[in-house]
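# Working through the structure, step by step
So you can see what is in the structure, the chains are spelled out below.
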Amino acid sequence: MIKFGTGGWRAIIGDDFIRSNIQVLAKAMCDKMRNENVQETGMVIGYDRRFLSKEAMQWAAQVFAAEGIKTRLINYSVPTPVVMFYVMRHRMKYGMMITASHNPALYNGIKIFTEAGRDAEEEQTCQIEEYCKDIDPCEVEVMDYDRAVEEGLIEEIYPLNEYLDNIIDTINMEMIRSKRMRIALDPLYGVSGASLRTILLTARCEVDTMHENHDTLFGGHLPAPNEETLRPLQNYVTAKHFDMGVATDGDGDRLGVIDDTGQFLHPNEILLMLYYYLLKYKGWHGPAVRNIATTHMLDRLADFFGEECYEVPVGFKYISAMMQEKDAVIGGESSGGLTVRGHIHGKDGVYAASLLVEMVAVTGKKLSELLREVKELSGAAEMVEYAFRFSTEKKADIEETLMKDKLLPGFDFPVEKVSYMDGCKVYFQNGGWVIARFSGTEPLLRIFSEMPSREMAVQNVRRLEEFLKL
Ligand SMILES: O=P(O)(O)OC[C@H]1O[C@H](O)[C@H](O)[C@@H](O)[C@@H]1O
């Protein structure tokens, strides 16, 4: 069965991520495009470095070819934002990326992009699921790959340059060039190495890259830039005194950073600093958008500048939609994804990293200094994140208790309000909060809490953990 989650369809390779399902999904896209009479706009597909990604792209393209829909295949593994950029720049109606993003190596998946290169919204993915249900896998027709290429139904393309040039044109490369910065890169065996290195070398940075070889097992780690996975980068930055360490997730749309003192910067802090930079140093005006499980320091920073901060459910599609509606300056998530007004609608780790480097060059301040500066305005807060596994029965039980019966444990802090927009979020009167929600990308219950101190945040999580018997 094909079921979309927070960021596309993801499934275990050999279980649901199999050729027949991939081709059913491709056929569903053909049916949808034909019904919308947009088949002439064609399809563009990219792929990451996961096991079967390239093959999956070709299997899907063979279906589009059999249906007479022209497909452009990005014939080299690229970051997901490249596909989003391509859909936007070439005014396509749809695009696809074969990736399971930050999930464990066991997974692969497909992200769908709609007009202007946005993550497909829930309404669209529900429709695709419906189309899939009506398709018999045995009846999906495919065209021979080489014949499709000969007939022009498949065109192999390499659009990395136009994507990179777009970033190079918008970033203050001259300023970076004048600072001769030293940067360590860790693409976590994913797809961003070539892109980041090209941009940084163009700006004459000194660049050292680790974990760049193609390893579909991601070195045995999760291809998500977090405090644990960035330990090697942290050690490298500290030992060799780099100005910063930059990492991205498996498909290059999330960013992770180690600062000049060797500290891991939480994505909340990166988001905060970039918003601050755009408002204070670049003189931009406008609100910020964050998901429900992202720091409220952003709200306080927005407030300081007389701006708003909007809250949306987890999923970048919600961030993009709200950014567009409010003409926001920045939108981001505590999971490490962000974008900025004027750039693509989706999250982009390559662009975000370039902007961060620009920020250090333009302000002439180290990351650690800038973080101190911004926290004087936003106030400090500590966020903790936990993930719990559960059985099917347990899931129903948690849903019933938290979301249906709306029961809560007693917390030690006065509650201001409770929201059920995405999972269950409790807002405390002291500005802190705790949220429990089911991940839409992995079989996990995520509990996050942000409070004035780490101890208080951990205490909130423990309360929920005991209450739900996790
Ligand atoms: O917490 P989850 O539902 O697993 O989602 C975590 C993240 O997954 C994907 O990367 C989505 O694109 C993000 O928008 C989301 O924040």
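Residues numbered from 1 in each chain as written. Predicted model: local features only at pLDDT ≥ 70, side-chain atom pairs only at ≥ 80, totals over all residues.

An unreviewed UniProt entry annotates the chain as Phosphoglucomutase originating from Cuneatibacter caecimuris. Taken from UniProt, the Catalytic activity (unreviewed entry) comment for the chain reads in full: "alpha-D-glucose 1-phosphate = alpha-D-glucose 6-phosphate". The UniProt entry for the chain carries this comment under Sequence similarities (unreviewed entry): "Belongs to the phosphohexose mutase family." (UniProt positions renumbered as here; feature names shortened; annotations may be inferred.)

A common way to report how large an interface is uses the accessible area buried once the components associate. For the chain, the assigned domains read domain 1 (4-158), domain 2 (163-378) and domain 3 (382-468). For domain 1 versus domain 3, the separation of C-alpha centres amounts to 35 Å. (Domains from an automatic or database assignment.)

Read across the sheet, five strands follow the order 10-9-11-12-13 without closing on themselves; strand pairing throughout is mixed. If you trace the sheet from one side to the other, it starts and ends with strand 10 (206-209) and strand 13 (264-265), each paired once. Relative to strand 10, strand 9 (residues 182-186) is paired through four bridges, and the arrangement is parallel. If you follow Leu185 over to strand 10, its bridge partner there is Thr209. (Pairing = 2+ DSSP bridges. Helix = DSSP H or I, 4+ residues; strand = E, 2+ residues; numbered from the N terminus.)

For helix 3 (residues 80-89), a buried count of nine out of 10 residues is recorded, marking the element as mostly surrounded by other parts of the structure. For helix 3, the secondary structure elements touched by its buried residues are strand 3 (43-47), strand 4 (71-74), strand 5 (94-98), strand 6 (107-114), helix 6 (160-170) and helix 13 (349-363). A positive backbone phi angle near 50 degrees is found at Arg91, which sits one or two residues after helix 3. (Buried ≥ 20, exposed ≤ 12 C-beta atoms within 10 Å, placed from the backbone. Contact = placed C-beta atoms within 7 Å.)

In this section: the site of the ligand. The full set close to the ligand counts 14 residues, and Thr6, Gly7, Ser439, Gly440 and Thr441 are the nearest of them. The residue makeup of the shell around the ligand, split by class, is two nonpolar, nine polar and three charged. (Near = placed C-beta within 6 Å. Nonpolar A, V, L, I, M, F, W, Y, C, P; charged D, E, K, R; others polar.)

When pLDDT is low, close inspection of the predicted coordinates is not appropriate. Averaged over all residues, the pLDDT of the chain is 97; the fraction at 70 or higher stands at 100%. Prediction confidence for the complex, expressed as pTM and ipTM, is 0.96 and 0.97 respectively. (pLDDT = per-residue confidence, 0-100.)

Ala60, Leu274 and Tyr275 are the most contacted members of the largest nonpolar core, which totals 145 residues. In contact with Tyr275, other than residues within four places in its own chain, are Ala288, Leu298, Leu301, Val329 and Ile330. (Core = buried A, V, L, I, M, F, W, Y, C linked by C-beta atoms within 7 Å.)

Bringing the sheet that holds strand 14 (residues 288-291) into the picture now. If you trace the four strands from one edge of the open sheet to the other, you get 15-14-16-17, paired in mixed fashion. Looking at which strands have only one partner, the edges of the open sheet turn out to be strand 15 (309-312) and strand 17 (338-340). Shown here is a sheet whose adjacent strand axes are inclined to one another by a mean of 15 degrees, direction ignored. Bridge count between strand 16 (residues 330-332) and strand 17: three bridges; the pairing is antiparallel. (Axes fitted to C-alpha atoms, helices over the stretch in contact; angles between N-to-C directions.)

Turning our eyes to something else, we now look at the UniProt feature "domain: Alpha-D-phosphohexomutase C-terminal" (unreviewed entry) in the chain. Listed under "domain: Alpha-D-phosphohexomutase C-terminal" (unreviewed entry) in the UniProt record, and renumbered for this structure, are residues 425-455. Across residues 425-455, helical content stands at 6% and strand content at 55%; the span's end C-alpha atoms are separated by 19 Å.

Of all six residues in strand 21 (residues 433-438), five are buried, a share of seventy percent or more. Of the strand pairs in this sheet, strand 20 (residues 424-428) and strand 21 are connected by four bridges, and their pairing is antiparallel. Bridging across to strand 21, Lys425 finds its partner in Ile435. Count of turn residues in the strand 20/strand 21 antiparallel hairpin: four residues, of which Gly431 carries a positive phi of about 95 degrees. Remark: six residues form the turn of the hairpin made by strand 21 and strand 22 (residues 445-451), two consecutive strands paired antiparallel.

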